[in-house]
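# Observations on chain architecture
So the chains spell out like this:
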Amino acid sequence: MNFRPNLLKPVGPNALAQEADFDIGPLRVSPSRLEIRVGDRREMTQPRVMQVFVTMAGAKGTVVSRDELIGRCWGGRIIGEDAISRCVAKVREIANLTDPPAFEIETIPRVGYRLKPAAPAVLQVASPPADRSIVLAVLAFDNLSSDADMEFFSEGVSEEILQTVARAVELKVIGRGSSFQFRGAAKAAAHVASLLKATHVLDGSVRRSENRVRISASLVECASETTLWSHRFDRELSDAFALQDEIAAAVAAALKVALLPMPQREAVDPAAYDLYLKALEIRNEGLQGDRRLAVIELLKSAAERAPGFARAWAFLATMQASYLRFDEPGRAPVASRAQVVGAAETALALDPGLGGAYQALGYLQPFGCFREREALHRKALSVAPNDSMVLTNASFFFAETGRVREALRLSREAYRLDPMNPWVANWCGNLLDYAGRIDEGRMFWNRLCVQWPDRELIYWSVIGHAAWRGDWAWFDEAAAAAGRRNFDTSGVRMNIAIGKALRSPDADVQARALQRATETLSRTGTLPHKSIMLLWRLGLVDEAFQLIDLASFAYMFDPDRRSPNGAADDGVIFSILHNSQIMKDIRFVRLCAKLGLCDYWVKTENWPDCAEGVAPYYDFKAEARRLVAA
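So, here's what we can say about the structure. All figures in this text were calculated on a predicted structure; none of them were measured in a lab.

## Quick look at the packing of helix α11 (residues 337–350) against helix α12 (residues 355–364)
The contact between α11 and α12 brings their axes to 9 Å, and the two run at 160°. With respect to each other, α11 and α12 are oriented roughly antiparallel. Crossing hand, α11 versus α12: left-handed. Side by side, α11 and α12 meet where Arg337, Val340, Val341, Ala344, Ala347 and Leu348 of the first sit next to Ala357, Tyr358, Ala360, Leu361 and Leu364 of the second. Counted by class, the contact of α11 with α12 contains ten nonpolar, no polar and one charged residues.

See the structure below:
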């Protein structure tokens, strides 16, 4: 930035014509033309937004109060808070014209705003590969069948080829959540490379007629746009597995990398293959409502028709196990534990490289059996180190045990492999805040909001994180955006309610929160983690610990009990954003002991990150050992 305006001087629409052009990182800002340029791209903005942008940019890193903004940009007129918030939100959108964002707008509660140019990115996601590293994007093959409904088949074949190629040694394969978003002209190798940092692209087409299939595939090096290999295959559909293996072997040979040994695979019943691909299609579109049940029924039919179909068994085990542990309490289980074990062990007997099957077995362990669960996650990582879902699921576990740095490392790798998968990206954003990387996390969340403006999951998280930060301008922006998009699930409503409580923590709010927590304890015998944290943040620390002492956490040690915290929320108690002060209270270790964590830490010496963080206040390890001994 190369200027500092006089903050006492109004900068109305006419005065913008006198403002000089300036740069912020890769952005070239022309106030007189209301224009932002990034390379050859030009974006226009509104005069009022440009006035606010010029004022904050010219402050060179110092805080600009709301009064200064009103005086300079609105001529001192009386305006509502929403007017300023809307303009600031638009300025944040300008930051996100580049990736990473060119700057950050920091909200200073009850004071104003500060514009900070982006420092060199700490979060290295989708970064260029190291020398000689190969990053392959397998795109969704085009459906050339006469029946448009065969789209599920072409995508399913593509995903199976992706999974097979991912067995290659020294080869990173972009996850389907990212690579399958490219269609038509967007499949150009240079375009895919620019967004995914891929070095090579595998694309093709699928044509099916009755029980015959024709697959054409080509491998392109992105830098030179050179086709390294291409071929056309005509086969019976029962030879689908052999065909996938043949394509994967040809790609590996062209890239001069080795594939791990492939399991012996028998011919597949075409009807079973169709059922499996339809289950994939439903899973990829989302598992809301009873859709998980529909997937399970399709997979059961596929496995019955084709007992040697390893991926169908592994997929079935994962869906059944997650339903048993995380779906709504009171609903009849769709499978027994023995059936999940049977499906997982069948899958691994057929193909030991299916990491998801090990994690399905981990779901059957009681939550408090941390050593057994870790062993299964480690096994999954050892056989599928490049599977973004395996990496993300393992990351959940390490966050749950307080090892947030390790969880973030795994999540970053998952995001690097699958940067356009909103579920993977959302968890990575959560972990940035858990790890205390607050500014970095804010920039990351802003980028996700621009990337997925219609994803309820992203706004649900942003509303919650803004509330726990006490960033009320950001909270209002996110809540308003969710309202405009008609996002009204229980998760969004809960985070808005938490935000309202944290925003005005008066005696009435405290009393209602304590009453709700007490009623929950009386009704269920336990307390969800977020109920405990809300009491802490509202200043009811002693009351929270009294309820903890009364609560039972028996669900942690009962393999048939569901967690009241959901699939990925257990690790939130170790979040620096949410709990940095409470972890400094020695009574926090009592909660950890009741959850079975102290026993795990003492026996494995795999201590949580907070053991170091609270060292100036008390000896975390000594207290954990004392509680285990007692």
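## Topic: unusual backbone geometry
Phi angles above zero are rare outside glycine, and Lys197 is one such case at about 60°. In this structure, Lys197 sits in the loop between α6 (189–196) and β11 (200–209). Backbone geometry places Glu605, a non-glycine residue, at a positive phi of 65°. Within the secondary structure, Glu605 sits in the loop between α26 (597–604) and α27 (610–613). For Glu605, a relative accessible area of 44% corresponds to the partly exposed category.

## Thoughts on the nonpolar core
Leu202, Trp536, Phe574, Phe588 and Phe620 are the most contacted members of the largest nonpolar core, which has 163 residues in total. It is helix α10 (residues 310–326) that provides the largest number of residues to this core, a total of eleven residues. Non-local contacts of Phe620, meaning those with residues more than four positions away in its chain, are made with Phe588, Val589, Trp601, Trp607, Pro608, Cys610, Ala611 and Val614. By size, the runner-up hydrophobic cluster in this structure holds 33 residues, among which are Leu27, Leu97, Ile105 and Tyr113.

## A short note on the pairing of strand β13 (residues 226–236)
Here strand β12 (residues 212–221) pairs with β13 via ten bridges, running antiparallel. By the bridge assignment, Ser218 is partnered in β13 with Ser230. Counted along the chain from β12 to the antiparallel partner β13, the turn is four residues long, and its residue Glu225 has a positive phi close to 55°.

## A few points about the packing of helix α16 (residues 422–434) against helix α17 (residues 438–451)
At their nearest, the axes of α16 and α17 sit 8 Å apart, and the two run at 160° to each other. The orientation of α16 with respect to α17, classified from their angle, is roughly antiparallel. Crossing hand, α16 versus α17: left-handed. Judged by residue contacts, Ala425, Asn426, Cys428, Gly429, Asn430, Leu432 and Asp433 of α16 engage Ile438, Glu440, Gly441, Phe444, Trp445 and Leu448 from α17. Tallied by class, residues from the contact of α16 with α17 come to seven nonpolar, four polar and two charged.

## Quick notes on the sheet that holds strand β5 (residues 64–65)
Strands sit in the order β5-β7-β6 across an open sheet of three strands; the sheet is antiparallel. The strands lining the two open edges of the sheet, one partner per strand, are β5 and β6 (103–108). Bridge count for β5 against strand β7 (residues 112–117) is two bridges, and the pairing is antiparallel. Within β7, the position partnered with Ser65 by the bridge is Gly112.

What counts and how
- The residue numbers shown here count from 1 along each chain, following its written sequence.
- Reporting in this predicted model follows two pLDDT cut-offs: at least 70 for local features of residues, and 80 or more for side-chain atom pairs to be given and counted; totals over whole chains, interfaces and linings ignore these cut-offs and use all residues.
- Computation of side-chain values covers all heavy atoms of the structure but excludes hydrogens and water.
- Lines fitted to C-alpha atoms define the axes, with helix axes restricted to the stretch in contact, and inter-axis angles between N-to-C directions lie between 0 and 180 degrees.
- The helix count covers DSSP runs of H or I at least four residues long, the strand count covers runs of E at least two residues long, and both are numbered beginning at the N terminus.
- Just so you know how the angles are binned, under 35 degrees is roughly parallel, over 145 roughly antiparallel, 65 to 115 roughly perpendicular, and the rest oblique.
- By definition, turning the near helix anticlockwise from the far helix through less than a right angle yields a left-handed crossing, and turning it clockwise yields a right-handed one.
- Working rule for contacts: check all heavy atoms of both residues, and any pair within 4.5 Å makes them a contact.
- Residue polarity is assigned by list, with Asp, Glu, Lys and Arg as charged and Ala, Val, Leu, Ile, Met, Phe, Trp, Tyr, Cys and Pro as nonpolar; anything else, Gly included, falls into the polar class.
- The classification of residues rests on relative accessible area computed with a 1.4 Å probe and restricted to protein chains. Under 20% of the type maximum is buried, over 50% is exposed, and intermediate values are partly exposed.
- Here, nonpolar core refers to any group of buried Ala, Val, Leu, Ile, Met, Phe, Trp, Tyr and Cys residues whose side-chain atoms link them within 4.5 Å.
- Strand pairing requires that DSSP identify at least two bridges connecting the strands.

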